[in-house]
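Analysis of the macromolecular model
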Amino acid sequence: MLQLNVKNETSRLRAVVLGSALNNGPTPTADEAYDPKSLEHILAGTYPVEADMVAEMEAFNQVFQKYDVSVFRPEMIENYNQIFTRDIGFVIDDIFIKANILPDRNRELDAIQFVIDQIDPKKVVRPPEDVHIEGGDVMLWNDYIFIGTYKGSDYSSFITARTNMAGVNYIKELFPHKIVKEFDLVKSKLEARDNALHLDCCFQPVGTNKGIIYKSGFREEADYVFLVNLFGKENLFHITRDEMYHMNSNVFSIDTNVVVSERNFTRLNNWLRENGFTVEEIPYAEIAKQEGLLRCSTLPLIRD
């Protein structure tokens, strides 16, 4: 049995589900795009090809092997995008929460059922239908659970709005001993540079007291100020609109001092090294074209 344990974003990783780019299927049509960034690349003819994405994911896998992390991969579904495992479920403490994702992505959960079967069934929950919550919006910080949401009245018309207030309240009820703090995120169907698809597109903790943040990703300045007060301004690396677009906040921590990052994130990677982190740089720029990066491709199961 898998003894789940995830209490934050940065403790030593022991087991993870890493997505897969194998048999990814043809380039979607413009109508099939889930987010403005994918749409941009579909229209420009620069949408990533499978071979490049498989190579990028293998580079990520090699880093996990180097650090002796147990890696599970989803069973292959023909012609199907299975890269972003973060969307389909997530672990808080020792509970595995299945996400109510966009209906045509349900098969992705089936492809990791063999992993879920290794978890105590009493520790696996699925929220009711009206509760929307995706792993990219859920950020654990010890006593805190940070959740990205969208409070606009036009929520239902935004395919980029993935977690609703019912999702926030569901987590509050499930974890009454935690401090649950929601953040209202900026959404756009049209301009990827102004779309915080998930919370991890504009914020993520690193190490034991630092974080990466994009101020304009928050609809309310008070939400940004909350994080500045919690972490201290000097501990936060502020990314630009362009760096947010390239997903600089979507790195992934294997340990409190080890961060996997995209090799083109020069400014961020230098800052991390200056602050004592080991930075494992890998190519991930092709996968990034789908508005998802390193954190999005992982579903951590066990951290020390």
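Here goes a summary of the coordinates provided. (Residues numbered from 1 in each chain as written. Predicted model: local features only at pLDDT ≥ 70, side-chain atom pairs only at ≥ 80, totals over all residues. Heavy atoms only, no water.)

1. Quick look at the layout of surface pockets
Vacant regions in the atomic arrangement are exposed by a probe of water-molecule size rolled over the atoms. Note the cut-off: Put plainly, a pocket is an open set of points on a 1 Å grid over the protein atoms alone with protein on both sides within 12 Å along at least five of seven lines, a cavity is a set where a 1.4 Å probe fits but cannot get out, and a lining residue has an atom within 4 Å of a point. Grid points are joined across faces, edges and corners, and a volume is the space filled by probe spheres set on the points. Each residue gets one of three labels, nonpolar for Ala, Val, Leu, Ile, Met, Phe, Trp, Tyr, Cys and Pro, charged for Asp, Glu, Lys and Arg, and polar for the others, Gly among them.
Reported here for the largest pocket is a volume of approximately 700 Å³. Residue lining of the largest pocket: 34 residues in total, with Pro 28, Glu 32, Tyr 34, Tyr 47 and Asn 81 positioned closest to the centre. Per-class residue counts for the lining of the largest pocket are 14 nonpolar, ten polar and ten charged.

2. Some words on the nonpolar core
Condition: Put simply, a nonpolar core is a bunch of buried Ala, Val, Leu, Ile, Met, Phe, Trp, Tyr and Cys residues held in one set by side-chain atoms that sit within 4.5 Å of each other. Think of it in three bands: with a 1.4 Å probe and only protein chains considered, a residue is buried below 20% of the maximum accessible area for its type, exposed above 50%, and partly exposed in between. A run of DSSP states H or I qualifies as a helix once it reaches four residues; a run of E qualifies as a strand once it reaches two. Both are numbered from the N-terminal end. By definition, residues are in contact when any of their heavy atoms lie within 4.5 Å.
In terms of nonpolar packing, the biggest core is built from 57 residues, with Phe 60, Phe 64, Phe 146, Leu 199, Phe 203, Phe 218 and Ile 254 touching the most fellow members. If you tally residues by element for this core, the top one is helix α2 (residues 50–66), at five residues. Once residues within four sequence positions are removed from consideration, Phe 64 is found in contact with Leu 13, Val 16, Leu 18, Val 69, Val 71, Phe 252, Ile 254 and Thr 298.

3. Side note on the side chain of Asn 164
The cut-off we apply is this: For this analysis, a polar contact is any N or O atom pair within 3.5 Å, provided that within protein one partner can donate a hydrogen and the other can accept it, and provided that sequence-adjacent residues contribute only side-chain to side-chain pairs.
Here Asn 164 lies in the loop between β7 (144–149) and α5 (165–174). Among the residues examined, Asn 164 registers a relative accessible area of 13% and is labelled buried. A distance of 3.0 Å separates the side chain of Asn 164 from the backbone oxygen of Asp 130, its partner in a polar contact.

4. Some points on the environment of Ile 147
Inspection of the secondary structure assignment puts Ile 147 in strand β7. Taking C-alpha positions, Ile 147 is 9.1 Å from Ile 171, a pair spaced 24 residues apart along the chain. Excluding its chain neighbours within four sequence positions, the residues that come into contact with Ile 147 are Ile 133, Asp 137, Thr 163, Val 168, Ile 171, Val 180, Lys 181, Glu 182, Phe 183 and Leu 199.

5. Points about the pairing of strand β9 (residues 203–206)
Quick reminder of the rule: For two strands to be treated as a pair, DSSP must find at least two bridges joining them.
The alternating pattern of β9 places Phe 203 and Pro 205 on one face and Gln 204 and Val 206 on the opposite face, and all of these are buried. Joining the antiparallel neighbours β9 and strand β10 (residues 210–213) is a turn of three residues, in which Gly 207 adopts a positive phi near 65°.

6. Brief notes about the sheet that holds strand β11 (residues 236–238)
The pairing of strands in a sheet comes from backbone hydrogen bonds and takes either a parallel or an antiparallel form. The following threshold applies: Each axis is a line fitted through C-alpha atoms, taken for helices only over the stretch in contact, and angles between the N-to-C directions span 0 to 180 degrees.
With mixed pairing, the three strands of this open sheet are ordered in space as β9-β10-β11. One side of each edge strand has no neighbouring strand; the edge strands of this open sheet are β9 and β11. This sheet shows a mean twist of 20° between the axes of neighbouring strands, independent of strand direction. Pairing analysis gives four bridges linking β9 to β10, with the strands arranged antiparallel. Bridge pairing links Val 206 to Lys 210 in β10. Against the sheet, helix α8 (residues 266–274) engages β9, β10 and β11, with an angle of about 165° to β11.

7. As for the pattern of salt bridges
Definition in use: Definition used for salt bridges: Asp or Glu carboxyl oxygen within 4 Å of a side-chain nitrogen of Lys or Arg.
Across all of its chains, the model carries 18 salt bridges by this definition. The closest approach of N and O atoms between Arg 295 and Glu 9, which form a salt bridge, is 3.1 Å. Separated by 286 residues along the polypeptide, Arg 295 in the loop between β14 (278–282) and β15 (298–303) and Glu 9 in the segment before β1 (13–18) bring together distant segments of the chain. Two residues, Asp 255 and Arg 12, come together in a salt bridge whose shortest N-O distance is 4.0 Å. In this pair, Asp 255 sits in strand β12 (residues 252–255) while Arg 12 sits in the segment before β1, placing the two residues 243 residues apart along the sequence. The class for Arg 12 is buried, based on a relative accessible area of 16%. Through salt bridges with shared partners, a single network forms among Glu 9, Asp 200 and Arg 295.

8. Some remarks on empty space enclosed by the protein
Per the counting criterion, the structure on display carries two cavities of 30 Å³ or more. Empty space within the largest cavity amounts to approximately 90 Å³. Looking at the largest cavity, the residues that line it are Val 6, Asn 8, Glu 9, Arg 86, Phe 90, Val 91, Gly 135, Val 138, Leu 140, Arg 295, Pro 300 and Arg 303. Its residues placed into classes, the lining of the largest cavity shows six nonpolar, two polar and four charged.

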